Amino acid sequence: MSGGTDAYPGSIFSLTDHEVYVVTARDGERDSGQIATWIMPATLVPDRPRVAVVISSQNFTHSLLAVSGRFVLNLLSDEQHALLPLFGLYSSREVDKFADMQVQRSPEGMIVLPDTCGWAECRIVSQLDLGDRIIYVADVTAQEIFPGRRPLRKKEAFALQTPEVRARLEEKHRTDGARDRVFMKQFTR
Ligand SMILES: Cc1cc2nc3c(=O)[nH]c(=O)nc-3n(C[C@H](O)[C@H](O)[C@H](O)COP(=O)(O)O)c2cc1C
């Protein structure tokens, strides 16, 4: 796999391979969804599930989840690699990403995608603004697993795209990184 998919080519982080999610959010009647991979559990307390999610403040999906304080994590299955360009290349500012999809709703009314490995509805409880990205910590308020499916991972998702789509995804990674430099906060201590 080329270094174009890695945040930091040549580093230990290029050895990692994250699961691919679609984060959905809703504010009023407006829905949005975006691909995200920087997501992890944030507690060992089994009956208080909590996650940390890193989201760009430039994304339309972010504008909805920041206002509503809620989002849904849809864990894509390895058969859903075709959703990568729709949810990862384009913005809901320009396209209705759910136009051709039979979706359901979580208890709080956010979109739940079909055919995934499962979903978790989350309520934001804390956040750390890094300028270019915001780290959200959120409690899981409802969830469902669909057994028998394997999670999609980033490297395989890129490898399964056409060369043209892969090149566009890699180019967006580069241009988003260049864009984000000016927003990034400096911290001294
Ligand atoms: C493989 C992959 C992983 C991504 N991971 C994240 C992520 O963890 N956080 C994030 O904010 N954006 C991530 N993105 C970028 C967004 O999905 C992308 O900017 C999207 O077009 C935003 O759509 P929106 O404007 O409709 O919210 C990722 C994109 C891809 C292709």
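Data block above holds the structure.
The notes below deal with the structure included here. Quick caveat: nothing in here was measured; it's all calculated off a predicted structure.

### Considerations on unusual backbone geometry
One can expect most non-glycine residues to show negative phi and most peptide bonds to be in trans.
Piece 1. One non-glycine residue with positive phi stands out, namely Asp115, at about 65 degrees.
Piece 2. Under the C-beta neighbour-count criterion, Asp115 is labelled partly exposed, with 14 such atoms within 10 Å.

### A closer look at the site of the ligand
Piece 1. Taken together, 23 residues sit near the ligand, with Asn59, Phe60, Thr61, Gly88 and Ser91 positioned nearest.
Piece 2. Those elements giving two or more residues to the shell around the ligand turn out to be strand S2 (30-36), strand S4 (50-56), helix H1 (60-68) and helix H2 (83-88).
Piece 3. Among the elements that line the shell around the ligand, the one with the most residues is S2, at four residues.
Piece 4. Of the residues that constitute the shell around the ligand, the class distribution is 12 nonpolar, nine polar and two charged.

### A word on the environment of Phe71
Piece 1. Looking at where Phe71 falls in the secondary structure, it is placed in strand S5 (residues 70-75).
Piece 2. Sequence separation of Phe71 and Val54 is 17 residues, and the distance between their C-alpha atoms is 13 Å.
Piece 3. Residues within four places of Phe71 in sequence aside, it is in contact with Val23, Thr24, Ala25, Leu65, Met110 and Cys122.

### Here's the deal with the nonpolar core
Piece 1. Ranked by internal contacts, the top residues of the largest apolar core, which has 32 residues, are Tyr21, Val22, Val23 and Leu73.
Piece 2. Those residues within four positions of Val22 in sequence are excluded, and the remaining contacts are Gly33, Gln34, Ile35, Asn74, Leu76, Leu83, Phe87 and Leu113.

### Things to note about the sheet that holds S4
Two pairing modes exist for strands in a sheet, parallel and antiparallel, and in both the strands are linked by backbone hydrogen bonds.
Piece 1. Read across the sheet, seven strands follow the order S2-S1-S5-S8-S9-S4-S3 without closing on themselves; strand pairing throughout is antiparallel. Two strands close off the open sheet at either side, each with one partner strand: S2 and strand S3 (39-41). Strand after strand, the sheet turns through a mean of 30 degrees between neighbouring axes, direction not considered.
Piece 2. Inspection of the sheet shows S5 paired to strand S8 (residues 118-129) by six bridges, in the antiparallel sense. The residue bridging Leu75 from the neighbouring strand is Gly118, located in S8.

Reading guide: rules and limits
- Residues numbered from 1 in each chain as written.
- Predicted model: local features only at pLDDT ≥ 70, side-chain atom pairs only at ≥ 80, totals over all residues.
- Buried ≥ 20, exposed ≤ 12 C-beta atoms within 10 Å, placed from the backbone.
- Near = placed C-beta within 6 Å.
- Helix = DSSP H or I, 4+ residues; strand = E, 2+ residues; numbered from the N terminus.
- Nonpolar A, V, L, I, M, F, W, Y, C, P; charged D, E, K, R; others polar.
- Contact = placed C-beta atoms within 7 Å.
- Core = buried A, V, L, I, M, F, W, Y, C linked by C-beta atoms within 7 Å.
- Pairing = 2+ DSSP bridges.
- Axes fitted to C-alpha atoms, helices over the stretch in contact; angles between N-to-C directions.

Fair warning: the whole summary comes from geometry, so function is off the table for now.
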